[in-house]
Amino acid sequence: MKKLNIGMIGCGFMGRTHSNAFSQVNHFFDVPYQPVLKTICGIDAPLAKDFAANWGYESYETDWRKVVENPDIDLIDIVSPNNTHAEIAIAAARAGKMVTCEKPLSRNAAETAGMVEAVETAGVRNMAWYIYRRVPAVMLAKQLIDEGRLGRIFHYRAKFLQDWTISAALPQGGDGLWRLDAAVAGSGVTGDLLAHCIDTAMWLNGGITEVSAATETFVKSRKHNLTGKVEPVTIDDASLFLARFGNGSLGTFEATRYARGHKALYTLEINGENASIIWDLHDLHRLQFFDHKDEGRLRGWKSIHITDSDHPYMKHWWVPGLQIGYEHTFIHQAADFLSGTATGCYAVPTFREGQRTDYVTDAVLESARNRSWVKVGESQESK
Ligand code: SOE
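Along each chain, the written sequence defines residue order, and numbers are assigned to residues from 1. Where totals are concerned, whole chains, interfaces and linings use all residues; where local detail is concerned, this predicted model gives features only for residues with pLDDT of at least 70, and gives and counts side-chain atom pairs only at 80 or more.

Details of the site of the ligand
(1) Moving on: Taken together, Q162, D192, H196 and A264 make up the full set of residues near the ligand.
(2) Moving on: Note on residue categories: nonpolar means Ala, Val, Leu, Ile, Met, Phe, Trp, Tyr, Cys or Pro, charged means Asp, Glu, Lys or Arg, and polar means any other residue, Gly included. Among the residues making up the shell around the ligand, the classes are represented as 1 nonpolar, 2 polar and 1 charged. We call a residue near a molecule or strand when its C-beta atom, built from the backbone, sits within 6 Å of it.

Below is the structure:
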């Protein structure tokens, strides 16, 4: 089996999920490559050193350029804060490395354009980690839609609810809290949470053409960890939008970090002419399915336990009836990437496909600012 040497840039929460995926994938999936955790990179040397020891990286670095320049590295995986993605990805592509990047690809579509151009010019494999596509229940939803079982789709409804920033005492900026600083993150929940909902939605239901949005920043100023001063909060704390899809269906989307009691509740519902689907991240191994074609007396919502070997990805795991969780979605995405690498097929979403989500998030932010409908792709940030 060929070895694939990984240089991972970033050693926070996402560094752990990706390192786990690359460590586990060969145990469960028959892929033609063996990922080798070669170098982990983090700006805090003791942290990077501990991370390397804990996950079995052969070495650690504090300067990402050294990792990108290392001829032994085949793949650069980017899990650092959003404002660093573009520069690293472009340098990695120019160095001829494969590049994978945590979502969102960058702070806006214009910034992502440089990444798309770099990987396509260099002809290197690339992929954005939008992992909720790889939940077996969501993959089954995709199969059911593609088989035409839902018929014409009328409605798409998605929510991603959290509550971890409600306290006004929570500072912004720096380790773990850069998601509250728009200069680093690009936006608040629009890029962090709605991006997931949008990626899944367009994968399941096709492109979004137009949006009308409202955003709110509930806590207007917070202490900034990097300056020590109280500074204005520049991110959106909550973001809601109406969408028109190219197939004529209507969408409603909501993301917030102010839904007390909800930690990471991602739900989606799709209503078609013949059938409907509901999925819920807190019950991720189930798909709710209503089929109007069922015999009238027995018609009703089915709760399908997605743990059988004929369900997507599940034959690689335990025995029927035993469920899997969040971390497995990363393992699935790593498996798809490694298989694609061998067959010459790019695993999706590629950077170009990931940029479509940035076009929508740009349009959402612009619509909220202007209080008007915005056509996707025509927002100023996207240019
Ligand atoms: C934010 O809390 C976060 O970790 C996102 O950044 C992830 O993308 C999402 O999957 C879970 O929530």
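A few points about the sheet that holds strand β1 (residues 2-9)
(1) Moving on: Here we have 6 strands laid out as an open sheet, ordered β3-β2-β1-β4-β5-β6, and parallel in their pairing. Each edge of the sheet is formed by a strand with only one pairing partner; in this case those strands are β3 (59-61) and β6 (126-129). Within this sheet the neighbouring strands show an average axis-to-axis angle of 25°, counted without direction.
(2) Moving on: Think of it this way: DSSP has to see at least two bridges between two strands before they count as a pair. A run of H or I in DSSP counts as a helix once it spans at least four residues, and a run of E counts as a strand once it spans at least two, with each numbered from the N terminus. Note that strand β2 (residues 33-41) and β3 share 3 bridges and pair parallel. Bridge pairing links I40 to Y60 in β3.
(3) Moving on: In this fold helix α9 (residues 326-343) packs onto β2, β5 (98-102) and β6, with an angle of close to 115° to the strand it touches most, β2. To define axes, lines are fitted to C-alpha atoms, for helices over the stretch in contact only, and angles between the resulting N-to-C directions are given on a 0 to 180 degree scale. A pair of residues counts as a contact when their C-beta atoms, built from backbone coordinates, are within 7 Å of each other.

So, the packing of helix α5 (residues 109-122) against helix α10 (residues 351-370)
(1) Moving on: For the pair α5 and α10, interaxial distance at closest approach is 9 Å and the crossing angle is 170°. One finds that α5 runs roughly antiparallel with respect to α10. Of α10, the residues touching α5 (which contributes A109, T112, A113, M115, V116 and V119) are F351, R352, Q355, D358, Y359 and D362.
(2) Moving on: Here the contact of α5 with α10 is composed, by residue class, of 7 nonpolar, 2 polar and 3 charged. Reported orientations rely on four angle classes, namely roughly parallel under 35 degrees, roughly antiparallel over 145, roughly perpendicular from 65 to 115, and oblique for the rest.

Considering the packing of helix α6 (residues 136-146) against helix α8 (residues 189-205)
(1) Moving on: Interhelical geometry of α6 versus α8 gives an angle of 30° and a closest axis separation of 9 Å. Between α6 and α8, the interaxial angle falls into the category roughly parallel. Of α8, the residues touching α6 (which contributes V138, A141, K142 and I145) are T200, W203 and L204.

Some details on the pairing of strand β12 (residues 250-256)
(1) Moving on: With 5 of 7 residues buried, β12 is to be regarded as a mostly interior element.
(2) Moving on: Where strand β7 (residues 153-161) lies against β12, 7 bridges are found, and the strand directions are parallel. The residue bridging R157 from the neighbouring strand is T252, located in β12.
(3) Moving on: Taken together, the 7 bridges between strand β11 (residues 238-245) and β12 define a ladder with antiparallel strand orientation. Note on β12: the bridge partner recorded for A243 is G251.
(4) Moving on: Remark: 4 residues form the turn of the hairpin made by β11 and β12, two consecutive strands paired antiparallel; G248 in that turn has positive phi of roughly 95°. Residues with at least 20 other C-beta atoms within 10 Å of their own are called buried, those with 12 or fewer are called exposed, and the rest are partly exposed. The C-beta atoms themselves are positioned from the backbone.

Observations concerning the nonpolar core
(1) Moving on: Counting residues in hydrophobic clusters, the biggest one holds 105 residues, and the most contacted among them are I76, A89, L194 and V211.
(2) Moving on: Ranked by residue count, the leading element in this core is α8, at 10 residues.
(3) Moving on: An automatic or database domain assignment is the source of the domain bounds shown. Residue assignment places this core across two domains, with domain 1 (2-132) and domain 2 (134-375) each supplying three or more.
(4) Moving on: Not counting chain neighbours up to four residues away, the residues in contact with V211 comprise F241, L242, A243, V360, A363, V364, S367, V374 and V376.
(5) Moving on: If you look at the next biggest cluster of nonpolar residues, it comprises 7 residues, including W178, L180, A182 and I235. Any nonpolar core is a set of buried residues, restricted to Ala, Val, Leu, Ile, Met, Phe, Trp, Tyr and Cys, that join up through C-beta atoms within 7 Å.

Regarding the domain arrangement of the protein chain
(1) Moving on: Assigned domains of the protein chain: these are domain 1 (2-132) and domain 2 (134-375).
(2) Moving on: With centres defined by C-alpha atoms, the gap from domain 1 to domain 2 works out at 23 Å.
(3) Moving on: Across the boundary between the two partners, domain 1 contributes 37 residues, which contact 42 residues of domain 2.
(4) Moving on: Elements supplying a minimum of two residues to the side of domain 1 that touches domain 2: α1 (13-28), α4 (82-94), α5 and β6.
(5) Moving on: Tallying contributions element by element places α1 first for the side of domain 1 that touches domain 2, with 8 residues.
(6) Moving on: Residue composition of the side of domain 1 that touches domain 2, by class: 22 nonpolar, 12 polar and 3 charged.

Some details on unusual backbone geometry
(1) Moving on: A cis geometry characterises the amide bond from K103 onward to P104, with omega recorded as -20°.
(2) Moving on: With an omega dihedral of -5°, the bond running from V348 to P349 counts as a cis peptide bond.
(3) Moving on: You can see P349 is positioned in the loop between α9 and α10.
(4) Moving on: The phi torsion at Y313 lies on the positive side, around 70°, for a residue other than glycine.
(5) Moving on: Here Y313 lies in the loop between β16 (301-305) and α9.
(6) Moving on: Take Y313: there are 21 C-beta atoms within 10 Å of it, and that puts it in the buried class.

Describing the sheet that holds β11
(1) Moving on: If you walk across this open sheet you meet the 9 strands as β16-β15-β14-β13-β7-β12-β11-β8-β17, and the pairing is mixed. Either end of the sheet is taken by a strand with one partner, and the two such strands are β16 and β17 (374-375).
(2) Moving on: Where strand β8 (residues 208-216) and β17 come together, 2 bridges link them in antiparallel fashion. Note that in β17 the partner of E210 across the bridge is K375.
(3) Moving on: Contacts from α8 reach β7, β8, β11, β12 and β13 (265-272), with the element oriented near 155° to β7.
(4) Moving on: Packing against the sheet, α10 makes contact with β8, β11 and β17, and its axis sits at approximately 50° to β8.

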